[in-house]
Amino acid sequence: MIFENLKEVSKDKIAIRYLERVLTYGALTLEIKNRAAALSLLKKDLVLCHTDELENLLNFLAAMFIGKKAVFAGKQFQHIQSVFDVTTFDFVHQLNYTDSEVCQIKPSDKDIFLGVLSGGSTASPKIIWKDYQSWFSAFPYQSQVFGISASDSVFVLDALGYSANLNSVLHALWQGATVVLGRLQDAS
């Protein structure tokens, strides 16, 4: 899936730009493995609710690496935690860990990795669970239709809780492109 593709990209190539922070593909891979080691200590799946989207993304990628499911919650985290058996997770540094060696899970196409919140227009938001096949099988076609290649930079504005934004980020990383994350409050 995505992690096999990350191995093929030059470690020095820029993977993500967010505010003043720049992560190369090499640094991104190391960060994912370190966070995965910390997340592997948790028993439950995750609700990601950090106010910093890069933190949420890095924790999400680490959760994927070890086969955990995650939901980007934003302001909905209290409702989600009260309904589903998940751990609200804000910042990886709250965990103590010493071993960054953790086994990468080899997911099947039918394994669930992501919970997307419904709009909640008729009641409380509901979680719609997504499997790998429903997203990753579309990436080659998306690349063709939108003309996205490893040489591109993809700009994504606002929260990754919006599934279209998260899909764009995962697609760009899968492709080996550069992701530029923007904040809505900075757009004027």
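Residues numbered from 1 in each chain as written. Predicted model: local features only at pLDDT ≥ 70, side-chain atom pairs only at ≥ 80, totals over all residues. Heavy atoms only, no water.

## Regarding helix H6 (residues 139–146)
Link 1 in the chain: Along H6, the positions that sit buried rather than exposed are Phe 139, Gln 142 and Ser 143. Seen along its axis, H6 keeps its buried residues to an arc of 100°; they face one direction. The outward face of H6, more than 90 degrees from its buried face, is lined by the exposed residues Tyr 141 and Gln 144.
Link 2 in the chain: Looking at the packing, one finds that the buried side of H6 touches helix H5 (132–136) and helix H7 (163–175). (Buried < 20%, exposed > 50% of the residue type's maximum accessible area, 1.4 Å probe, protein only. Helix = DSSP H or I, 4+ residues; strand = E, 2+ residues; numbered from the N terminus. Arc of directions from axis to C-beta. Contact = heavy atoms within 4.5 Å.)

## Regarding the sheet that holds strand E8 (residues 153–157)
Link 1 in the chain: Judged by pairing direction, the sheet is mixed, and its four strands sit side by side in the order E2-E1-E9-E8 without closing on themselves. Each edge of the open sheet carries a strand with a single partner, namely strand E2 (21–24) and E8. The mean inter-strand angle of the sheet, taken between neighbouring strand axes irrespective of direction, is 15°.
Link 2 in the chain: Looking at chain direction, strand E1 (residues 14–18) and strand E9 (residues 178–182) are connected through three bridges and run parallel. Paired with Tyr 18 across the bridge in E9 is Leu 181. (Pairing = 2+ DSSP bridges. Axes fitted to C-alpha atoms, helices over the stretch in contact; angles between N-to-C directions.)

## Things to note about the nonpolar core
Link 1 in the chain: Core analysis: the biggest nonpolar cluster contains 48 residues, and Ile 16, Phe 60, Met 64, Phe 136, Leu 170, Leu 173 and Leu 181 have the highest contact counts within it.
Link 2 in the chain: Broken down by element, this core gets its largest block of residues, nine residues, from helix H3 (residues 53–65).
Link 3 in the chain: In contact with Leu 170, not counting residues within four places along its chain, are Ile 2, Phe 60, Leu 61, Met 64, Phe 113, Trp 135, Phe 136 and Phe 139. (Core = buried A, V, L, I, M, F, W, Y, C linked by side-chain atoms within 4.5 Å.)

## Here we look at the pattern of salt bridges
Link 1 in the chain: In this structure the tally under the stated criterion is five salt bridges.
Link 2 in the chain: Glu 55 is paired through a salt bridge with Arg 21; the nearest N and O atoms lie 3.7 Å apart. Taken together, the residues span a long stretch of sequence, with Glu 55 in helix H3 and Arg 21 in strand E2 at a distance of 34 residues.
Link 3 in the chain: Looking at Arg 21, the relative accessible area reads 32%, which means it is partly exposed.
Link 4 in the chain: Its salt-bridge partner being Asp 45, residue Lys 69 comes within 3.8 Å of it at the nearest N-O pair. Remark: Asp 45 occurs in strand E3 (residues 45–48) and Lys 69 occurs in the loop between H3 and strand E4 (70–72); sequence separation between them is 24 residues. (Salt bridge = Lys/Arg side-chain N within 4 Å of Asp/Glu carboxyl O.)

## So, the side chain of Asn 59
Link 1 in the chain: Positionally, Asn 59 belongs in helix H3.
Link 2 in the chain: At a separation of 2.7 Å, a polar atom in the side chain of Asn 59 contacts the side chain of Arg 35. (Polar contact = N/O pair within 3.5 Å; in protein donor to acceptor, adjacent residues only side chain to side chain.)

## A short note on unusual backbone geometry
Link 1 in the chain: The backbone phi angle of Leu 19 is positive, close to 55°, even though this residue is not glycine.
Link 2 in the chain: Leu 19 sits in the partly exposed class, given a relative accessible area of 49%.
Link 3 in the chain: Positive phi is not limited to glycine here, since Asp 158 has a value of about 95°.
Link 4 in the chain: Among the structural elements, Asp 158 can be located in the loop between E8 and H7.
Link 5 in the chain: Using a relative accessible area of 22% as the deciding quantity, one classes Asp 158 as partly exposed.

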